[in-house]
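Architecture at a glance
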Amino acid sequence: MSKRTNPLIRRTTPQPALEPEIVDDEGGADIIPMNETFPGMPPMSVREKKRLAELEDVVTRNFKAFYEVGSALREISESLLYRETHSNFADYVKDLWDMARARAYQMIDAANIVDRLLPLEEELSTNCRRNEVVYHGGQSKMVLPQNERQARALAKYPEDKQIQIWREAVETADGRITAAHIKQTARRIHGEIVKNTIKKAKTETSSPAVKMSNAFRQAFNAMMDAINDERLKDWKETDPNEAARFVHALLQAIQHPL
């Protein structure tokens, strides 16, 4: 297996621009007078912002390990490099690293996600610094996942949708990209697909050329609306597996010979 280069960046937060020091009435140095993002929170000083950037550097350097470790475990597993001491990969990671097999494969999956998104980095390379793309207004956003949580959030979705989900998550994130934002992005993309599918189905059934009674057409449209409503509620009131079973039963009833 060829060696893989680590595509991860070195910082999650850009260095803050230097701001003029402001001295408060009690002699405190460089206090910014207002927290515009969260008014109920105490303001951040320039010194605190600098310290935050330093600490995030530490966090980023450690977060990079998720890709490096996952890539290493993948090669050990795929090339059977454990075979002199262990008969299987699960025993190897348990004995040497006190790691469950499932955990090892979580890290491998996270590394796979980063590798799968590498074409996106190349696609945006004309606007990129290393693993970072600059958008309107000079704001910079990450091109590749910066931690395992982001990668694992993407791993829940089909491989052919992961690049689309991540691209839109990057473009729509206001600051850091959270696992929750990735999920919301995936739901929005899936929602558009479902919405268009329902719209197309309704349009087709409304055609005079379609032989269908008004009662059946109304029932069909109501069923499609109900499915979309449950999807928008994140299936909190209806089990999607039960809904699929119900629709499958309808299909069987239609196809069953008289």
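What you see is a predicted model; the values in this text were computed from it and never measured. (Residues numbered from 1 in each chain as written. Predicted model: local features only at pLDDT ≥ 70, side-chain atom pairs only at ≥ 80, totals over all residues. Heavy atoms only, no water.)

On to the overall build of the protein chain. A count of helices and strands for the protein chain gives nine helices and three strands. Listed N to C, the secondary structure of the protein chain is α-α-α-α-β-β-β-α-α-α-α-α in terms of helices and strands. Across the 258 residues that make up the protein chain, the buried fraction comes to 31%. Taking contacts inside the protein chain between residues at least 6 apart in sequence as the whole, the part at least 24 apart equals 54%. (Helix = DSSP H or I, 4+ residues; strand = E, 2+ residues; numbered from the N terminus. Buried < 20%, exposed > 50% of the residue type's maximum accessible area, 1.4 Å probe, protein only. Contact = heavy atoms within 4.5 Å.)

In the structure shown here, the tally under the stated rule is four aromatic pairs. Site record: aromatic cluster; members linked through ring pairs are Tyr82, Phe89, Tyr92 and Tyr105. (Phe/Tyr/Trp six-rings, centres within 6.5 Å; stacked < 30°, edge-to-face > 60°.)

Counting all residues, the mean pLDDT for the protein chain is 75, and 72% of those residues have values of 70 or more. Ranking the elements of the protein chain by mean pLDDT puts strand β2 (residues 132-134) last, at 41, and helix α3 (residues 89-97) first, at 93. The low-confidence segment residues 9-33, where pLDDT is below 50, has 47 contacts with residues more than four positions distant or belonging to other chains. Counted against residues more than four places away or in other chains, residues 125-141, with its pLDDT under 50, gives 39 contacts. (pLDDT = per-residue confidence, 0-100.)

Let us now look at the side chain of Thr185. Checked against the element boundaries, Thr185 lands in helix α7 (residues 179-205). On the accessibility criterion, Thr185 (0% relative accessible area) is buried. A polar contact is formed between the side chain of Thr185 and the backbone oxygen of His181, at a distance of 2.8 Å. Residues contacting Thr185, with those up to four places away along its chain left out, are Ile165, Glu168, Ala169 and Thr172. (Polar contact = N/O pair within 3.5 Å; in protein donor to acceptor, adjacent residues only side chain to side chain.)

Phe66, Leu117, Leu154, Ile165, Trp166, Ile177 and Ile182 are the most contacted members of the largest nonpolar core, which has 23 residues in total. Of all elements in the fold, only α2 (65-78), α4 (101-123), α5 (148-155), α6 (159-172) and α7 reach the threshold of two or more residues within this core. Core analysis: the next-biggest nonpolar cluster, separate from the first, contains ten residues, Leu73, Ile76, Tyr92 and Ile108 among them. (Core = buried A, V, L, I, M, F, W, Y, C linked by side-chain atoms within 4.5 Å.)

To continue, consider the packing of α5 against α6. In the contact formed by α5 and α6, the axes pass within 9 Å of each other and the chain directions differ by 130 degrees. If you check the angle between α5 and α6, you find them oblique. Crossing of α5 against α6: the hand is right-handed. Between α5 and α6, the residues in contact are Gln150, Leu154 and Ala155 and Gln162, Ile165 and Trp166, respectively. For the contact of α5 with α6, a count of residues per class yields four nonpolar, two polar and no charged. (Axes fitted to C-alpha atoms, helices over the stretch in contact; angles between N-to-C directions. Parallel < 35°, antiparallel > 145°, perpendicular 65-115°, else oblique. Left-handed = near helix turned anticlockwise from the far one by under 90°. Nonpolar A, V, L, I, M, F, W, Y, C, P; charged D, E, K, R; others polar.)

On to unusual backbone geometry, then. Of note, the phi angle at Leu80 is positive, near 55 degrees, even though the residue is not glycine. Structurally, the position occupied by Leu80 is in the loop between α2 and α3. A relative accessible area of 41% places Leu80 in the partly exposed class. One non-glycine residue with positive phi stands out, namely Asp98, at about 50 degrees.

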